[in-house]
Structure formats: structure tokens, C-alpha cells
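Each chain is listed here by its residues.
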Amino acid sequence: MKLHREGKGPITVASCVFLVCNGLAFGLLSTTLWYVQGFILLLTSVLLGLVLFFFRIPKRVLIQGESYIQAPCDGTVVVIEEVEPDEYFSEKRLQISVFMSVLNVHVNLNPIEGEVVYSCYHKGKNLVAWHPKSSTENERHSVVYKHANGKEVLAKQIAGALANRIVNYLRVGERAVQIQEMGFIKFGSRVDLLLPLDCTVNVQLGDKVEGGITTLAQWK
């Protein structure tokens, strides 16, 4: 298992907190207060462990397919419905949303291969990520991929109540490779996909999905 590069800062901070707190506890406190030293060691170890766990990149065999629309992240499917888009598209789209808890892997992957034809960051609120209005009111970053078949998919990275930074690596005009990294969202969040209405959906509400492995939908 590797650690994501976006974790460099938080991991450094957590490591410094661990070293400083325990250095002070074991250097300044009497050994008669061993239970206090032990509590501080346990607390800081858990904190450091959680930070390392959050930025993990597990070793996986990812799946590609010309007709596949892959899950862009790990999480739970919380929305499958037709929607009126709030940007880029003018016609109804099929929305599939995946909610990521703080325990999920937070790497975001390209759901399809195609040209990046749109990229836009939106400032916004920090509603809980499963809130229906988070898709249009929260801080978010949207990109649109144009597949070789001419169809387009919009992927929207959405910040949640705890998310404090959305990172997107894509640029308009470049060619995105399916299941390679699209970006990263720090802490609880979600990713919405807006698909053509004629796609065949392969998942149901409540399904647990894995980024780059689970096929959310397929082209007809």
C-alpha cells in the first residue's frame, strides 16, 4: 500500500504532533504519571494512524473497458435519477452520485477515457455531502469528458462538511485515460456523474462501489 502525495502536508503535521507531544510527555512528566504518558501516546498514535489510513492507496487491479463508465471513487451510491443540470448541459441527464465517508479511499479516478472539454471550480457551501442540495450549492469542481463515440460525461467533485480542499489534475484539451487519477478530495465528500439518459445503469441505491473496479453504467 502506498500513500497519496496529497497527504504529504497532513502526514508531516501529524508526525510532528506525535513527536512533540510524546517528547514532552516522556521528557517532562514523572514516571509516576505513566498512565498520562500512555494516554498521550495512545491518542497521538491513533491520530497519526487515521491520517495515514486516510491517504492510503491500496494495491488493486483496476478495470478498463471502452463501453464502461467506471466508479470514480470508493463509497456508497446515494443518487440514481434524472436531473436538470446546473451547468454545461442544457438537456436532462442521468445522475449517479457516490458518497465517500472519511474511511473510504479518497483518490478520484477518470470514469471514462476521453478529451477534457470543460473544467470549472465553483466556490460554495459545506453542506453534508449526502444532502440533496450539496450537488449544486457546495464547493465543487466539474470536468466534462468527451468520449470517442461523441458522448459526454460530467464528473463533479463535491466538498462535504469536513472537506477543506478539492484537488483536480485535469486541464481542458488534454486526453484523460480511464481509471487514472482525476484528483483528490480531503475528508468526507462525494462525486456526481452526469451521464446520457440512454446509459444502462449497473448499480442500485445503497451499493458499495470501488473506484476503477465497479462499473456504474455502460454505453448503449
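Our structure's up above, just so we're on the same page.
Presented here is a report on the structure given in the accompanying data block. All of these numbers come straight from a predicted model, not from anything done at the bench. (Residues numbered from 1 in each chain as written. Predicted model: local features only at pLDDT ≥ 70, side-chain atom pairs only at ≥ 80, totals over all residues. Heavy atoms only, no water.)

Turning our attention to the sheet that holds strand β11 (residues 175-176). Spatially, the eight strands line up as an open sheet ordered β11-β7-β8-β9-β13-β5-β4-β15, and their pairing is antiparallel. With one partner strand each, in any of the chains shown, β11 and β15 (208-209) form the two edges of the open sheet. Two elements, strand β7 (residues 114-122) and strand β8 (residues 140-146), share seven bridges in a ladder whose sense is antiparallel. If you follow Tyr121 over to β8, its bridge partner there is His141. (Pairing = 2+ DSSP bridges. Helix = DSSP H or I, 4+ residues; strand = E, 2+ residues; numbered from the N terminus.)

Further remarks concern the nonpolar core. Counting 29 residues, the largest nonpolar core has Ile69, Tyr145, Leu170, Leu193, Leu195, Val209 and Leu216 as the members making the most contacts within it. With four residues, the top contributor of residues to this core is strand β5 (residues 93-100). In terms of nonpolar packing, the next biggest core, distinct from the first, is built from eleven residues, Ala14, Val51, Phe54 and Val105 among them. (Core = buried A, V, L, I, M, F, W, Y, C linked by side-chain atoms within 4.5 Å. Buried < 20%, exposed > 50% of the residue type's maximum accessible area, 1.4 Å probe, protein only.)

Taken as a whole and assessed by the stated rule, the structure comprises six aromatic pairs. Judged by centre distance (5.8 Å) and plane angle (85 degrees), the ring pair of Trp34 and Tyr35 falls under edge-to-face. What makes Tyr35 partly exposed here is its relative accessible area of 49%. Where Phe54 meets Phe55, the ring centres are 4.9 Å apart and the plane angle is 80 degrees; that geometry is what we call edge-to-face. (Phe/Tyr/Trp six-rings, centres within 6.5 Å; stacked < 30°, edge-to-face > 60°.)

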